[in-house]
2 protein chains.
Amino acid sequence: MGKTYIFGHKNPDTDSIISSIVMADFERKMGNEDVISCRLGMVNKETEYVLNYVGVQEPELIEDLEDGAEVIIVDTANPGELIPNLSNVKIKKIVDHHQVLLNTAYPLFYRAEPVGCTETIMYKLYKENNLEINKKIATLMLSAIISDTLLLKSPTCTPDDVKAVKELSKIAEIEYEKYGLEMLKAGTDLSSFTIEQILNLDAKSYKFKETNSIIAQVNTASIPEVMKMKEDLEKGINKIIKEKNLDLFMFLITDIINSNSQTITLGRRADIVEKAYKVKLENNTALLPGVVSRKKQVIPIITENA
Amino acid sequence: MGKTYIFGHKNPDTDSIISSIVMADFERKMGNEDVISCRLGMVNKETEYVLNYVGVQEPELIEDLEDGAEVIIVDTANPGELIPNLSNVKIKKIVDHHQVLLNTAYPLFYRAEPVGCTETIMYKLYKENNLEINKKIATLMLSAIISDTLLLKSPTCTPDDVKAVKELSKIAEIEYEKYGLEMLKAGTDLSSFTIEQILNLDAKSYKFKETNSIIAQVNTASIPEVMKMKEDLEKGINKIIKEKNLDLFMFLITDIINSNSQTITLGRRADIVEKAYKVKLENNTALLPGVVSRKKQVIPIITENA
């Protein structure tokens, strides 16, 4: 058996990076020694905080793989978020919590559940196979769930996620509320990024009927702090709209303390956001009370109103 | 929560029918009371033998469902084998052991493993959730695994399937070799079928590059017994080729005792079968020693040679 490459989606978030590390640990414990954790992009500040805290190295950066390579995919089943020659590699496993968007020509191990975080499923896999979760792995898993569920406050959070966090925090010997807030705050540090980078940190492309869109998101502990950059953000957004011929760019500045988002929305179809949330964009911006989850509170509503 | 409809593929085999019954039992045990076992076609002789043996009714025959209905899909993830308005129903779960061929617009519970039978995965689900498997359910599950793996002899059979059969036969208090052979033999009784029905019992359509094909299979305890109908089978095959404008019809008569298949192959691209198995079709027929699994020993080889 050759090497197995494990990776999550491009623009990796904490769940994608941690899933590639945790899945490698899981595979080794299951007897598959020759596995390698990989990533398809830069590690973000929040993830960096976690890896430093635990003392674990970043997964290896890859862009592409040889045809025929064996891979395990985590935290996505969307070919658009993966390597270009996906159809020429052999997918051995997928563990994910998103929609099903890829097809295969062969049966494989596919495990998806509609929970808040891939690590909640990984936690079940360890338990089902009677494998030990050590302190480092528990801390990593815990961090990913806190990240994806915004400290269990996101509407994507399920009872399974809460249960996993509580049990993992015992193994990790961590007060998860305190640790989680520090971790989330670390992810809100935008000081070292250019405007272009901020707009790209967690940007996803969508086509809603005829509307070519990007919906990007940053977390913050203070919306006014990010809004200081409003003029520059708008310039950056307009540049991307022009370059990519977009109809809509919705930028979400999500307050992780109070669970609200401020949006800066531009593009000739900005009206979709006004219609979807029954708000008026004043100078391209509006507060969306209670909105924190792109998956649950943005994509379905924009889809419906596009 | 409304009713949940559970069904497997069209032209249902024993695994598809039993999976819809077993999944309903599983869901009820998990607290989802309002579930209904369904089927998308006629129950075959083998399945009939099992249902009579256990004393369980056939699932309800359906052809279609209302838009918005909630469904659980078992033993397939191929939209072509399912209801016509699949994209308008809400798929809550999929449990399967085939390739991934459908996409969804939402996250769902998806559990696939490359094992010999869906029931081997269902067996794991009961165990993972600490649910009791009663004697009837154990007999049903056992029967499906024996059916899909031809009494653990098919190349699709994995150690997980063997383990499940051994443990389930204890709960069922059944000598599985003896029972399994009787069950498989019951499935080979073609006496009540017309030629057209025999060719349709387990027929699947494929497109190999430009080659429109059907690969159909029947099990038998005696190849010569089925070959007595050769002339009529050929007439029937040629009729289907003409009606459906096919390039290839490969009919497999599989000897479940000795693990061989005799093929009757017709169509202008019958040469693909000759090339694939390095055999000469004499009067449209050839013996394919050791070939029993369409999934593992036919589809990949025909795909490669088409």
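Just so it is clear, the model here is predicted, and its values are computed rather than measured.

A.B. asks: Mind showing me how you'd approach the packing of helix H4 (residues 135-149) of chain B against helix H6 (residues 176-187) of chain B here?
C.D. replies: Angle between the axes and distance between the axes are the two parameters that describe a pair of packed helices. Residue and element names in this part refer to chain B. At a minimum axis separation of 10 Å, H4 and H6 run at an interaxial angle of 65°. Of the possible angle classes, the one that applies to H4 and H6 is roughly perpendicular. Crossing angle aside, the handedness with which H4 passes H6 is right-handed. On H6, the residues that touch Thr139, Leu142, Ser143, Ile146 and Ser147 of H4 are Tyr176, Tyr179, Gly180, Met183 and Leu184. Its residues assigned to classes, the contact of H4 with H6 shows 6 nonpolar, 4 polar and no charged.

A.B. asks: Before we go on, may I ask you to explain the interface of chain B and chain A in this structure?
C.D. replies: When the parts of a complex come together, some accessible area is lost, and that lost area is often used as the size of the interface. Contacts between chain B and chain A engage 20 residues on the former and 20 residues on the latter. Summing both sides of the interface, chain B and chain A together bury roughly 1700 Å²; the carbon and sulfur share of this comes to 58%. Three residues, Val100, Pro107 and Tyr110 of chain B, lead the burial of chain B against chain A; their summed loss comes to 30% of the area buried on that side. In this assembly, chain B and chain A are joined by 6 residue pairs in polar contact (both at pLDDT 80 or more). Ranked by the residues each element gives to the side of chain B that touches chain A, the list is headed by strand E6 (residues 109-112) of chain B, at 4 residues. Residues that form the side of chain B that touches chain A fall into these classes: 11 nonpolar, 5 polar and 4 charged.

A.B. asks: What is the right way to read the sheet that holds strand E7 (residues 203-208) of chain A from this model?
C.D. replies: In a beta sheet, neighbouring strands are held together by backbone hydrogen bonds and run either parallel or antiparallel to one another. All names here are of chain A. Read from one edge of the open sheet, 5 strands run E7-E8-E9-E10-E11, paired in mixed fashion. Either end of the sheet is taken by a strand with one partner, and the two such strands are E7 and strand E11 (285-289). Ignoring which end each strand starts from, the neighbouring axes of this sheet average 25° apart. Relative to strand E8 (residues 211-220), E7 is paired through 6 bridges, and the arrangement is antiparallel. By the bridge assignment for E8, Lys204 is matched with Ile215. The sheet strands contacting helix H9 (residues 230-244) are E8, strand E9 (248-255), strand E10 (260-266) and E11, and the helix crosses E10 at an angle near 50°.

A.B. asks: Explain the relation of the copies chain B and chain A to me, please; I cannot follow it from the model alone.
C.D. replies: One copy of the chain maps onto the second through a rotation about an axis and a displacement along it. Aligned on chain A, chain B shows an RMSD of 0.0 Å; the corresponding rotation is 180° and the shift along the axis is 0.0 Å. Between the two chains, the operation in question is that of a two-fold axis. Considering only C-alpha atoms, the part of chain B nearest the rotation axis is Arg111 of chain B, at 2.4 Å. When you check the interface residues of chain B against chain A, 100% turn up at the interface there too, and the contact is symmetric in its surfaces.

A.B. asks: Where do I start with the side chain of Lys230 of chain A in this structure?
C.D. replies: Here Lys230 of chain A lies in helix H9. When residues no more than four places from it in sequence are discounted, the contact partners of Lys230 of chain A are Ile264, Asn283 and Thr285 of chain A.

A.B. asks: When you look at the domain arrangement of chain A in this model, what are you seeing that I'm missing?
C.D. replies: Residue and element names in this part refer to chain A. Each assigned domain of chain A is listed here: domain 1 (4-186) and domain 2 (195-305). Each partner contributes residues to the interface: domain 1 has 14 residues there, and domain 2 has 16 residues. Summed over the three residues of domain 1 that lose the most area to domain 2, namely Asn11, Leu150 and Pro155, the buried surface amounts to 37% of that side. Measuring nitrogen to oxygen at the nearest pair gives 3.3 Å for the salt bridge that ties Glu81 to Lys204. In this assembly, domain 1 and domain 2 are joined by 6 residue pairs in polar contact (both at pLDDT 80 or more). Residues of the side of domain 1 that touches domain 2, tallied by class, amount to 6 nonpolar, 5 polar and 3 charged.

A.B. asks: What should I look at first to understand the layout of surface pockets in this one?
C.D. replies: Empty pockets left among the atoms are what a rolling probe the size of a water molecule brings to light. Residues and elements named next belong to chain A. Of the volumes computed, that of the second largest pocket is approximately 230 Å³. Together, 15 residues line the second largest pocket, and Leu199, Asn200, Ile214, Ile240 and Lys244 are the ones closest to its centre. Of all the elements in the fold, those that place two or more residues in the lining of the second largest pocket are helix H7 (195-200), E7 and H9. No other element matches H9, which puts 5 residues into the lining of the second largest pocket.

A.B. asks: What should I look at first to understand helix H5 (residues 159-172) of chain B in this one?
C.D. replies: Structurally, the α-helix is built with 3.6 residues per turn, so residues lying three or four positions apart point the same way. All names here are of chain B. Between the first and last C-alpha of H5 there are 20 Å, a value that for 14 residues agrees with the 20 Å anticipated at 1.5 Å per step. For H5, every residue scored as buried is listed here: Asp161, Ala164, Val165, Leu168, Ser169 and Ala172. Along H5, the residues classed as buried sweep out an arc of 130° about the axis, all on the same side. Those residues of H5 that are exposed and angled more than 90 degrees off the buried face are Pro159 and Lys170. Glu173 occupies a position one or two residues after H5 and carries a positive phi of about 50°.

A.B. asks: What exactly am I supposed to notice about helix H9 (residues 230-244) of chain B here?
C.D. replies: Residues and elements named next belong to chain B. Look at H9: 21 Å from first C-alpha to last across 15 residues, which is about the 21 Å you get at 1.5 Å a residue. Along H9, the residues that are buried comprise Lys230, Leu233, Glu234, Gly236, Ile237, Ile240 and Ile241. The buried side chains of H9 occupy one side of the element, clustering within an arc of 165° when seen end-on. Along H9, the residues that are exposed and aim more than 90 degrees away from the buried face are Glu231, Lys235, Lys242 and Glu243. In the core, the buried residues of H9 are packed alongside helix H7 (195-200), strand E8 (211-220), helix H8 (223-227), strand E9 (248-255), strand E10 (260-266) and strand E11 (285-289). Once H9 ends, the next one or two residues include Asn245, with phi positive near 55°.

The rules behind these values
Residues numbered from 1 in each chain as written. Chains lettered and ligands numbered in written order. Predicted model: local features only at pLDDT ≥ 70, side-chain atom pairs only at ≥ 80, totals over all residues. Heavy atoms only, no water. Axes fitted to C-alpha atoms, helices over the stretch in contact; angles between N-to-C directions. Helix = DSSP H or I, 4+ residues; strand = E, 2+ residues; numbered from the N terminus. Parallel < 35°, antiparallel > 145°, perpendicular 65-115°, else oblique. Left-handed = near helix turned anticlockwise from the far one by under 90°. Contact = heavy atoms within 4.5 Å. Nonpolar A, V, L, I, M, F, W, Y, C, P; charged D, E, K, R; others polar. Buried area = accessible area lost by both parts, 1.4 Å probe. Polar contact = N/O pair within 3.5 Å; in protein donor to acceptor, adjacent residues only side chain to side chain. Pairing = 2+ DSSP bridges. Least-squares fit on C-alpha atoms with pLDDT ≥ 70 in both. Domains from an automatic or database assignment. Salt bridge = Lys/Arg side-chain N within 4 Å of Asp/Glu carboxyl O. 1 Å grid on protein atoms, 1.4 Å probe; cavity = no way out; pocket = protein on both sides within 12 Å on 5 of 7 lines; lining within 4 Å. Points joined across faces, edges and corners; volume = space filled by probe spheres on them. Expected span 1.5 Å × (residues − 1). Buried < 20%, exposed > 50% of the residue type's maximum accessible area, 1.4 Å probe, protein only. Arc of directions from axis to C-beta.

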